[in-house]
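Listed below are the residues making up each chain.
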Amino acid sequence: MKFLHLMKILEILHPLMGYTSGSALMPSIQLFGRVFLIFFMVDSEPKIHANPWVIYLFFVYTISEMIRYPYYMLHVFNVNIGFLTTIRYTAWILLYPLGFLCEGVILYNNITYLEESKRFSIGLPNDLNFSLHMPTIIRLYLLFGFFPALYFMMNHMNRQRIKVFNTNRSKSKVH
């Protein structure tokens, strides 16, 4: 899972190099969140490995990618399969909230482990006179950033859905 998500860096590089159209911003946001969760929250904490929420999260990630990548592959060859397009721009309505729920539960469960181990926290005194307490950062994200992030991502996908379905309707009316 770590290797596959590292390969997703190509989703950021391709638009930047002009290989594909679209923005690199949304894949960057999504990849940053997933890499943080997989590398820092799941992989670094052995106690969370057996947590069923990790399995659920990986299942949601996998289903999401099994829909997206065939759609994008066919899109490169200008092949449009209506059913696949509909699934691509509809499945997120269920998958995004499920993914966010799994991520939130994993973050919440990790707070205790991070407090015990002090992993990813920097205490005072140090040369930079700077402290960082990762459990507090996660708590703040869960309290103030979690729902705005979910809203932002779902709003983006809804705009994409409207754009794709309106374009498809316009093309079908012309013919």
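Rules behind the numbers
Residues numbered from 1 in each chain as written. Predicted model: local features only at pLDDT ≥ 70, side-chain atom pairs only at ≥ 80, totals over all residues. Heavy atoms only, no water. Helix = DSSP H or I, 4+ residues; strand = E, 2+ residues; numbered from the N terminus. Expected span 1.5 Å × (residues − 1). Bend = angle between axes of the 7 residues up to and from the residue. UniProt positions renumbered as here; feature names shortened; annotations may be inferred. Salt bridge = Lys/Arg side-chain N within 4 Å of Asp/Glu carboxyl O. Buried < 20%, exposed > 50% of the residue type's maximum accessible area, 1.4 Å probe, protein only. Contact = heavy atoms within 4.5 Å. Polar contact = N/O pair within 3.5 Å; in protein donor to acceptor, adjacent residues only side chain to side chain.

Helix length check: helix H6 (residues 92–117) (26 residues) gives 36 Å between terminal C-alpha atoms against 38 Å at 1.5 Å per residue, within 8%. At Ile111, H6 is deflected by roughly 30°, the largest bend along its length. In the stretch just after H6, Lys118 is the one whose phi turns positive, near 60°.

Under the UniProt annotation, the feature "transmembrane region" (unreviewed entry) is placed at residues 21–41, 53–71, 92–111 and 131–153. Between the end C-alpha atoms of residues 21–41 the distance is 32 Å, and the span holds 81% helix and 0% strand. End C-alpha atoms of residues 131–153 are separated by 31 Å, and the span's content is 87% helix alongside 0% strand.

Scanning the model with the defined rule gives 9 salt bridges in all. Between Lys2 and Asp43 there is a salt bridge whose closest N-O contact spans 3.1 Å. Linking Lys2 in helix H1 (residues 2–7) with Asp43 in helix H3 (residues 25–43), this pair joins segments that are 41 residues apart in sequence. Note that Glu65 is salt-bridged to Lys8, the shortest N-O span being 3.0 Å. With Glu65 in helix H4 (residues 52–76) and Lys8 in the loop between H1 and helix H2 (9–17), the pair connects residues that are 57 residues apart, well separated along the chain. In terms of burial, Glu65 and Lys8 fall into one category: buried. A single network of salt bridges, built from pairs that share partners, joins Lys8, Glu11, Arg34, Glu65 and Arg68.

Mapping Asn110 onto the fold places it in helix H6. Non-local contacts of Asn110, meaning those with residues more than four positions away in its chain, are made with Met41, Val42, Glu45 and Ile48.

Now for H4. Its 25 residues place the ends of H4 36 Å apart at the C-alpha level, agreeing with the 36 Å of an ideal helix rising 1.5 Å per residue. Along H4, the residues that are buried comprise Val54, Leu57, Val60, Tyr61, Ser64, Glu65, Ile67, Arg68, Tyr71 and Leu74. If you follow the buried residues of H4, they end up packed against H1, H2, H3, helix H5 (82–88) and H6. By the N-cap criterion, in which a side-chain oxygen at the helix start approaches the backbone nitrogen of a residue two or three places on, H4 is capped by Asn51, the distance to Trp53 being 2.8 Å. Remark: Asn78 follows H4 within two positions and exhibits a positive phi of approximately 55°.

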